[in-house]
Amino acid sequence: MNVTEISAKEYAELFPNPPHVFNSVAFTELNRHKCDAVHYLIFSDTKLRGGLIVGQRGDCFSAPFSAPYGGFTLTRRQPVETFDAMTSALKEHFGQEKRIVVTLPPLWHDPDSLSKSVSAMSRTEGAKCLIDLSYHLDLIPGSGMSADSMSVTGRQNLRRSLNAPFEFIHTDGSPHAIEEAYGTICRNHEENGYPLRMSLDDVEATAKVVPADFFLLRLNGATVAAAQVYTVAPGVAQLINWGDIREASRLCPMNRMAYELAAHYSRRGIKTFDLGPATEDGIPNEGLCRFKESLGCIPSLKYRFTI
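This part takes up the packing of helix α3 (residues 80–94) against helix α4 (residues 111–122). Running from N to C, α3 and α4 point in directions that differ by 50°, and their axes come no closer than 9 Å. Here α4 runs oblique to α3, going by the angle between their axes. As α3 packs across α4, the resulting crossing turns out to be right-handed. Contact residues: α3 offers V80, F83, D84 and T87, while α4 offers S113, K116, S117, A120 and M121. Split by residue class, the contact of α3 with α4 holds four nonpolar, three polar and two charged.

All right, on to unusual backbone geometry then. The residue after A63, namely P64, is reached through a cis peptide bond having omega 5°. Its place among the elements puts P64 in the loop between β4 (60–63) and β5 (73–74). At N220, a position not held by glycine, the phi torsion is positive, near 55°. One can find N220 in the loop between β9 (212–219) and β10 (222–233). Taking relative accessible area as the criterion, N220 reaches 73% and is therefore assigned exposed. In this structure, D281 is a non-glycine residue whose phi angle is positive, near 55°. Structurally, D281 can be placed in the loop between β13 (279–280) and β14 (283–284).

Considering all chains together, one arrives at 14 salt bridges under this definition. Between E13 and K9 there is a salt bridge, with the nearest N and O atoms lying 2.7 Å from each other. Here E13 pairs with K9, and both are found in helix α1 (residues 8–14), just four residues apart, close to one helical turn. The pair formed by E13 and K9 is uniform in burial state, with each residue classed as exposed. Via salt bridges that share partners, R77, D112 and K116 belong to a single interconnected network.

Parameters and conventions
- Residues numbered from 1 in each chain as written.
- Predicted model: local features only at pLDDT ≥ 70, side-chain atom pairs only at ≥ 80, totals over all residues.
- Heavy atoms only, no water.
- Axes fitted to C-alpha atoms, helices over the stretch in contact; angles between N-to-C directions.
- Helix = DSSP H or I, 4+ residues; strand = E, 2+ residues; numbered from the N terminus.
- Parallel < 35°, antiparallel > 145°, perpendicular 65-115°, else oblique.
- Left-handed = near helix turned anticlockwise from the far one by under 90°.
- Contact = heavy atoms within 4.5 Å.
- Nonpolar A, V, L, I, M, F, W, Y, C, P; charged D, E, K, R; others polar.
- Buried < 20%, exposed > 50% of the residue type's maximum accessible area, 1.4 Å probe, protein only.
- Salt bridge = Lys/Arg side-chain N within 4 Å of Asp/Glu carboxyl O.

Here it is in structure tokens:
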């Protein structure tokens, strides 16, 4: 298997339809300043087989370098031996002594290629694997969430939130609307001691290259919750950040937000709503796992390899 490094322009021409936005050249170039160098790699033998975008910071190589996940972009379905060959060639390209971190999407994104990626990388000599639990909803066409798949507590909290006079707003995506949504999410993270990895400038810049939606939940005219969602692949919407303010928590605004988001994207023809991981470096946040499962979310495995 041959590995060739090419330009961003050439890579975009070879892979005009990546499996998700985080493997796109546009998203990568937007974040290029966050690393020392970006390597656009293609893998070929008698044919072009696939590509991988790798960011470099010093001696650290990461795919992706500033996104929830990355992985190979393929020209077509590939056999398992191709994944073995691409993984071996990747190691040879940067040198066996270098370590490369590859974070894959949750397995449900593409069970075929991701399962083969996991197999190939797990068999690489010296490989280390970290596994996160990621949660998603399979949306019911036209209605969103299924009450049957919720826990008893989830149904009770949803009823409480539906009885409250919340107003759900899909914003126009203007800078003012983005700032309002971001401010609410930021307040939530500060109140709960969670880091917020994206600055307001990051959020505004990304919304120019990724299909992004911003939502507000208001109570008596005051914003009490907000959400930031990307359409990351055909039929897939991904929750990037969300949160409520502490004063409103007794009315379960996040249950209402999840319900409204699921209904919104279901009406748009989205099949899967990705609520993201509930673990940090593989360690479960038990409360977050319990909350997502109360909504009827399905857990799946999300692999990160150091090879």
